[in-house]
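# A closer look at the structure
One letter stands for each residue in the lines below.
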Amino acid sequence: MELTRLGFLKLVGFATSCLAFGGSVWANSDQGGKTNFVTKPKGMLMDLTQCIGCKNCQAACQKQNQLQGGAYAEELSSNAWTVVKTVEVEKGSEKVKRFVRSQCFHCLEPACASACPVKALHKTPEGPVVYDAWKCIGCRYCMVACPFGIPKYEWEKTAPLVTKCLFCSSRLKEGQQPACAAACPTKATLFGNRDELLVEAERRINNNPNKYVNYIYGLKEGGGTSFLFLSDVPFKDLGFPTNIPNTPLPDYTWEVMSKIPGIIAGGGILLTSTYLLTHKNEGESKKKIEGKGA
Ligand code: SF4
Ligand code: SF4
Ligand code: SF4
C-alpha cells in the first residue's frame, strides 16, 4: 500500500516536472568547426545512392552507445539502434542492390512523445527526440504510437528500457556530429541544419533529375522528420512506409489510442503497476542510461 502511494506520488511529480519543463537552448556558437545549436534544428540527409553498405555507421552507433552484438544485424532491436539492410530491387529491366539505413527518424512532431503519459520521450528544439529512462513506466505506448515501428523494448532484461537512436544528443551538445555521420566514408549520411539539408536535397534532385526519384522522404511524412532520404528507386520498393499521413500524428495518436479498450479506463492501474514493476531498479537504470554515449 505504501509503495503504491509512493509510486503515485512519483507519477504526480513527473507530471509536475513535465509542466515545468521548457525547451532549453544550447549556447554553442560556430567556432572551431563546432555547430551553432541556438537557432537551427539539426537533421541528417541520407543519400541512398551514395551508400556502399559498409556498415561503418552501424558499427559506430554500437560503439557510441555501448551496444553489444548488433554490428551486423539487419533488423532494429534493443541492441541495434541503426541498421543497414541490403535490399534487392528492380530498376528498369535490371535487378540492383541498394543499402537502406533504418533508425529513428526524429519526427518534427513525434507521435511517440505525444503518446508517452509521463513525458519520458520528448523532442528537443535542436532536433533529437530523446528519452529519459528514469521517467519511463514501461507502458510501451510509444511503441504502439510510432508510425515507423522504431522503439524497441529490452524484453530480455529484468529492468527493461525502451531503446532507439537518440541522434547522439550528447555529441551534438558538444558540437560534434553524430557518430554514424562521422564514420560514413562516402557522406551518404550527412549531418547539418535541417533547412540547409533540404536545400541540398532539392539541389541534388534538380541537378540530376534522371538519377533521383523526385521525392524527399521525410519532408512531409507525419508532418516531417529530421532525418531525410534521397533515392534512385521508389521508396516503397525499399521498404519505406508510404502510407503515413502528411499531417502531424500526435493528436491523431491519442484519438486512436483513446478508442482502444482499457487504455484510458485502465490507465491509472496500468501506470501504477507498471511503474512499480519497472522502477524496482530505478537507480540502476538511471546510472546505465547516463553512462551511455548518446
Ligand atoms: S520515428 Fe517513431 S520513435 Fe522516432 S521520433 Fe518518430 S515517432 Fe518517435
Ligand atoms: S545518430 Fe547516434 S544513436 Fe542515432 S544512429 Fe547515428 S550513431 Fe546511432
Ligand atoms: S557508413 Fe555510410 S556508406 Fe557505409 S553503410 Fe553507413 S551510410 Fe552507407
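Structure report, in brief.

Quick notes on the rules
Residues numbered from 1 in each chain as written. Chains lettered and ligands numbered in written order. Predicted model: local features only at pLDDT ≥ 70, side-chain atom pairs only at ≥ 80, totals over all residues. Heavy atoms only, no water. Buried < 20%, exposed > 50% of the residue type's maximum accessible area, 1.4 Å probe, protein only. Near = heavy atom within 4 Å. Nonpolar A, V, L, I, M, F, W, Y, C, P; charged D, E, K, R; others polar. Helix = DSSP H or I, 4+ residues; strand = E, 2+ residues; numbered from the N terminus. Pairing = 2+ DSSP bridges.

The next point concerns unusual backbone geometry. Peptide bonds are mostly trans, and most non-glycine residues show a negative phi. Residues other than glycine seldom take positive phi values, yet Lys119 does so here, at roughly 60°. For Lys119, a relative accessible area of 39% corresponds to the partly exposed category. Of note in the backbone geometry, Lys187 takes a positive phi value of approximately 65° without being a glycine. Lys187 sits in the partly exposed class, given a relative accessible area of 41%.

This part is about the site of ligand 1. Taken together, the neighbourhood of ligand 1 is formed by 14 residues, with Cys104, Cys107, Cys112, Cys146 and Phe148 sitting nearest. Class assignment for the residues of the shell around ligand 1 results in twelve nonpolar, one polar and one charged.

Okay, the site of ligand 2 next. Around ligand 2 sit Cys61, Asn65, Thr82, Arg101, Cys165, Leu166, Phe167, Cys168, Pro178, Ala179 and Cys180, and that is every residue in its neighbourhood. Per-class residue counts for the shell around ligand 2 are eight nonpolar, two polar and one charged.

Moving on, we come to the pairing of strand 1 (residues 42-47). Burial analysis of strand 1 places six of its six residues in the buried class, the great majority of the element. By the alternation rule, side chains of strand 1 split into Lys42, Met44 and Met46 and Gly43, Leu45 and Asp47, which are all buried. Of the pairings in the sheet, the one linking strand 1 to strand 8 (residues 189-193) comprises five bridges and is antiparallel in character. The residue of strand 8 that forms the bridge with Lys42 is Asn193.

A word on the pairing of strand 3 (residues 94-102). As judged from the nine bridges shared by strand 2 (residues 83-91) and strand 3, these two strands associate in the antiparallel manner. The partner of Lys91 across the bridge, within strand 3, is Glu94. Hairpin connection, strand 2 to strand 3: the antiparallel pair is bridged by two residues, and Gly92 has positive phi, about 65°.

So far we have only geometry, and geometry alone does not tell us how the molecule works.
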